[in-house]
Amino acid sequence: LDLARRAADIGLRNSEPDHPWLARKRLRRIDYAIYAAPDAPQTFITLPRGGMVAPSQRWVHTHHSDAIVTTATDPRLYLDLAQAGHGQIVLPCFVGAIHPMLEQRSDPILDLAHDEWLVSHQDTRHLPAIRAALRAIEHCLLTEN
């Protein structure tokens, strides 16, 4: 949604916004790694090439296209397939860490690491409801581990 045009009040972004009218706060660094069930093959599960929007999916297609054996139409499905032992997937490390059926199989992938930004419109960020929501989101994301 377009925060600049007030289609939403608060957003999370994977890069610092370039609009000067958006208030922003850097929250944390997001690292990605390869995850799989312990006995899963070293093949990959990903979204079909035409459905890719996430940099992690493009990374798999760029670096491991010969090892892709399964595609799924949505991220929840490929997470389920990975947990069932059908192959490897790339996840943010904070997501992989909460799934006990998955193990981290790689070091963090430097090409995919990015900062996470909490953003809101400059004109509305001081409204009591927006301010409370921004504080709650920040607290939740920074204390989740």
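On a predicted model such as this, the values are computed, not experimentally measured, just so you know.

**Topic: the side chain of glutamate 116**
Argument step 1. In this fold, glutamate 116 is placed in strand E8 (residues 114-121).
Argument step 2. At 2.6 Å, the side chain of glutamate 116 forms a polar contact with the side chain of arginine 28.
Argument step 3. Once you skip the residues sitting within four places of it in the chain, glutamate 116 turns out to touch Leu12, Arg13, Lys25, Arg26, Leu27, Arg28, Ile30 and Leu141.

**Concerning the layout of surface pockets**
Empty pockets left among the atoms are what a rolling probe the size of a water molecule brings to light.
Argument step 1. Here the largest pocket is characterised by a volume of approximately 180 Å³.
Argument step 2. Taken together, 13 residues form the lining of the largest pocket, with Ser56, Pro75, Tyr78, Leu91 and Pro92 sitting closest to its centre.
Argument step 3. Within the residue set of the lining of the largest pocket, elements represented by two or more residues are helix H1 (55-64), helix H2 (75-83) and strand E6 (89-92).
Argument step 4. Partitioning the lining of the largest pocket into residue classes produces 10 nonpolar, 2 polar and 1 charged.

**Observations regarding the nonpolar core**
Argument step 1. Counting residues in hydrophobic clusters, the biggest one holds 12 residues: Ala33, Tyr35, Ile45, Leu47, Ala72, Tyr78, Leu79, Ala82, Ile89, Leu91, Cys93 and Leu102.
Argument step 2. Elements with a contribution of two residues or more to this core: strand E3 (32-36), H2 and E6.
Argument step 3. Ignoring anything within four residues of it in the chain, the contact list for tyrosine 78 reads Ile45, Thr46, Leu47, Gln57, Ala72 and Ile89.
Argument step 4. In terms of nonpolar packing, the next biggest core, distinct from the first, is built from 11 residues, Val60, Ile68, Val90 and Leu112 among them.

**Structural notes on the sheet that holds E8**
Argument step 1. Pairing is antiparallel in the open sheet, where 3 strands are placed in the order E1-E8-E2. Each edge of the open sheet is held by one strand with a lone partner, namely strand E1 (10-13) and strand E2 (22-30). Within this sheet the neighbouring strands show an average axis-to-axis angle of 20 degrees, counted without direction.

The rules behind the values
Residues numbered from 1 in each chain as written. Predicted model: local features only at pLDDT ≥ 70, side-chain atom pairs only at ≥ 80, totals over all residues. Heavy atoms only, no water. Helix = DSSP H or I, 4+ residues; strand = E, 2+ residues; numbered from the N terminus. Polar contact = N/O pair within 3.5 Å; in protein donor to acceptor, adjacent residues only side chain to side chain. Contact = heavy atoms within 4.5 Å. 1 Å grid on protein atoms, 1.4 Å probe; cavity = no way out; pocket = protein on both sides within 12 Å on 5 of 7 lines; lining within 4 Å. Points joined across faces, edges and corners; volume = space filled by probe spheres on them. Nonpolar A, V, L, I, M, F, W, Y, C, P; charged D, E, K, R; others polar. Core = buried A, V, L, I, M, F, W, Y, C linked by side-chain atoms within 4.5 Å. Buried < 20%, exposed > 50% of the residue type's maximum accessible area, 1.4 Å probe, protein only. Pairing = 2+ DSSP bridges. Axes fitted to C-alpha atoms, helices over the stretch in contact; angles between N-to-C directions.

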